[in-house]
Amino acid sequence: MKRFLFKLIILAAMLLGLPLLGIVIANFPIQRYLEFPPRSQYVHHAPFSWNVFAGYTLFILCFAIPITFMAVKSFKQIKIKPTSLYAFPWWGWLGVTTGILSWILAWTRFPWFDEFQPHTFIPLWISYILVINALCIRRTGRCMMLHQTRLFLLLFPVSAVFWWFFEYLNRFVQNWNYTGVYFSSWEYFRYATLSYSTVLPAVLGTRDLINTFSWIRPKFDSFKPFKCRHSKMLAFFALAISGIGLMCIGVWPNYLFSLLWTSPLIIIVSLQTLMGEKHILSETSAGHWSAVVSPALAALFCGFFWEMWNYYSLAKWQYSIPFVYRFKIFEMPILGYAGYLPFGLECAMIGELAKQWIERSD
């Protein structure tokens, strides 16, 4: 338990303290970064650059092409066998019904619904979570909601805290902002916290569903091994570089904005490596990549629905991303979807920490 708390304290201290320390050293006005609700725009984002866009594209394709190739190859090699599916539960149909109704209400502007129009995000994602768990029941007879209920319920408050860290880091790069409605500080905190609480249950429920399909295993669990002889030395340097990057993220937001998505992953994996613990990348040394691929794909899948449902909603977010803000799919520029891949791994790691906490508290 002491190690568990130590990792969380170090993670929180680095994510919260280092960006703030950087702007203090740079003598930037600290008040604007702590404004709540956040409304002021003070980061001047760099214009689109074909060179940077091409560089990011090549970097992303280096990972995307092998994964796509292996997924297609794995899918083709599967011998389809008849499987006995379980009944789709009644509460799954409830989720389908409430999801369709919430979607209609989110994208329309009925006068009688004015008071509730800003709050369609939560019923949409509660419906999504119900449907995803129902699909797991349909395929395997088990789901997190019914068979890991303590973990499922714990994920909601953990998810809210988890996403508030990203909102905080976004104050230093301002890659997105919320528009459409305006709330007081307390209202903003309350409604935002309720919305953020659905992130982990949605992503990890989707990961569980992906893992029910046989195509995820044949090739991704016999993929090219990734071995590191000096893992602790690499972890130390990764932790140090990530810390320096976080300290500078508010000073050079146009160049370090991607740390918003990658720094939590780097910090947690580095700390677990230095402590000799198993982490989400551990099994890649033996060529087992399914534990990496499934949460990454789950976050990307959820990301598509986040962006789609956001597009015509009243209370919504918009993006301002330096150098690569072009070719939008909904509000998100196409390269921005790559951020969901490391985010999925971070969701999986936080879910595993929550699971460990439950096991140790028993």
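Residues numbered from 1 in each chain as written. Predicted model: local features only at pLDDT ≥ 70, side-chain atom pairs only at ≥ 80, totals over all residues. Heavy atoms only, no water.

*Asks:* Help me understand the overall build of the protein chain, please; the structure alone is not making it clear to me.
*Replies:* Within the protein chain one finds 13 helices and 4 strands. By the compact-globule yardstick of 21 Å for 362 residues, the protein chain fits well, its C-alpha radius of gyration being 21 Å. Viewed in the frame of its principal axes, the protein chain has a C-alpha envelope of about 65 × 65 × 50 Å. The buried share among the 362 residues of the protein chain stands at 47%. For the protein chain, the share of sequence-separated contacts (at least 6 apart) that also reach a separation of at least 24 residues comes to 80%. When the accessible area of the protein chain is evaluated, it comes to approximately 18900 Å², of which 70% is carbon and sulfur surface. (Helix = DSSP H or I, 4+ residues; strand = E, 2+ residues; numbered from the N terminus. Rg over C-alpha atoms; globule rule 2.2 N^0.38 Å. Buried < 20%, exposed > 50% of the residue type's maximum accessible area, 1.4 Å probe, protein only. Contact = heavy atoms within 4.5 Å. Areas by Shrake-Rupley, 256 points an atom, 1.4 Å probe, with all protein chains shown as cover.)

*Asks:* Whenever I open this one, the side chain of Lys-7 confuses me. Can you help?
*Replies:* Inspection of the secondary structure assignment puts Lys-7 in helix α1 (residues 2-25). The class for Lys-7 is buried, based on a relative accessible area of 5%. A polar contact is formed between the side chain of Lys-7 and the side chain of Glu-277, at a distance of 2.9 Å. In contact with Lys-7, other than residues within four places in its own chain, are Leu-271, Gln-272, Met-275, Glu-277 and Leu-353. (Polar contact = N/O pair within 3.5 Å; in protein donor to acceptor, adjacent residues only side chain to side chain.)

*Asks:* It is not clear to me how the layout of surface pockets should be interpreted in this structure. Could you clarify?
*Replies:* Empty space among the atoms becomes apparent when a probe as large as a water molecule is rolled across them. Computed from the structure, the second largest pocket encloses a volume of approximately 770 Å³. Of all elements in the fold, only α4 (121-140), α6 (149-173), α8 (199-210), α12 (290-311) and α13 (340-361) reach the threshold of two or more residues within the lining of the second largest pocket. In the lining of the second largest pocket, the residues fall into 12 nonpolar, 10 polar and 8 charged. (1 Å grid on protein atoms, 1.4 Å probe; cavity = no way out; pocket = protein on both sides within 12 Å on 5 of 7 lines; lining within 4 Å. Points joined across faces, edges and corners; volume = space filled by probe spheres on them. Nonpolar A, V, L, I, M, F, W, Y, C, P; charged D, E, K, R; others polar.)

*Asks:* Could you clarify how one ought to interpret α6 in this entry?
*Replies:* One turn of the α-helix equals 3.6 residues, which is why residues spaced by three or four share an orientation. The first and last C-alpha atoms of α6 sit 37 Å apart over 25 residues, in line with the 36 Å expected at 1.5 Å per residue. Of all the bends in α6, the greatest, near 30°, is centred on Phe-156, and the proline Pro-157 appears no more than four residues after it. Once α6 ends, the next one or two residues include Gln-174, with phi positive near 50°. (Expected span 1.5 Å × (residues − 1). Bend = angle between axes of the 7 residues up to and from the residue.)

*Asks:* How should helix α7 (residues 185-196) be read in this particular structure?
*Replies:* The end-to-end C-alpha separation of α7 is 16 Å, in line with the 16 Å expected for 12 residues at 1.5 Å each. Those residues of α7 not exposed but buried are Tyr-188, Ala-192, Ser-195 and Tyr-196. When α7 is viewed along its axis, its buried side chains cluster within an angular range of 90° and face the same direction. Against α4, α6, β1 (176-179) and α8 lie the buried residues of α7. (Arc of directions from axis to C-beta.)

*Asks:* Is there a simple way to explain the pattern of salt bridges in this structure?
*Replies:* Oppositely charged side chains can pair when the atoms bearing their charge come close. Summed over the entire model, instances satisfying the criterion amount to 5 salt bridges. Two residues, Lys-7 and Glu-277, come together in a salt bridge whose shortest N-O distance is 2.9 Å. Linking Lys-7 in helix α1 with Glu-277 in the loop between α11 (259-274) and α12, this pair joins segments that are 270 residues apart in sequence. With a closest N to O distance of 2.9 Å, Lys-316 and Glu-331 form a salt bridge. One end of the pair, Lys-316, is in strand β2 (residues 316-319); the other, Glu-331, is in the loop between β3 (328-329) and β4 (332-333), and 15 residues separate them in sequence. Take Lys-316: its relative accessible area is 12%, and that puts it in the buried class. A relative accessible area of 7% means that Glu-331 is categorised as buried. (Salt bridge = Lys/Arg side-chain N within 4 Å of Asp/Glu carboxyl O.)

*Asks:* So what exactly am I meant to see when it comes to unusual backbone geometry here?
*Replies:* Trans peptide bonds make up most of the peptide bonds, and negative phi angles are found at most residues other than glycine. The omega angle of the peptide bond from Phe-36 to Pro-37 is -5°, so this bond is cis rather than trans. Topologically, Pro-37 is positioned in the loop between α1 and α2 (50-76). The phi angle at Phe-323 is positive, at roughly 70°, despite the residue not being glycine. Along the chain, the position of Phe-323 falls in the loop between β2 and β3. Of note, the phi angle at Phe-327 is positive, near 60°, even though the residue is not glycine. Counting through the fold element by element, Phe-327 comes out in the loop between β2 and β3.

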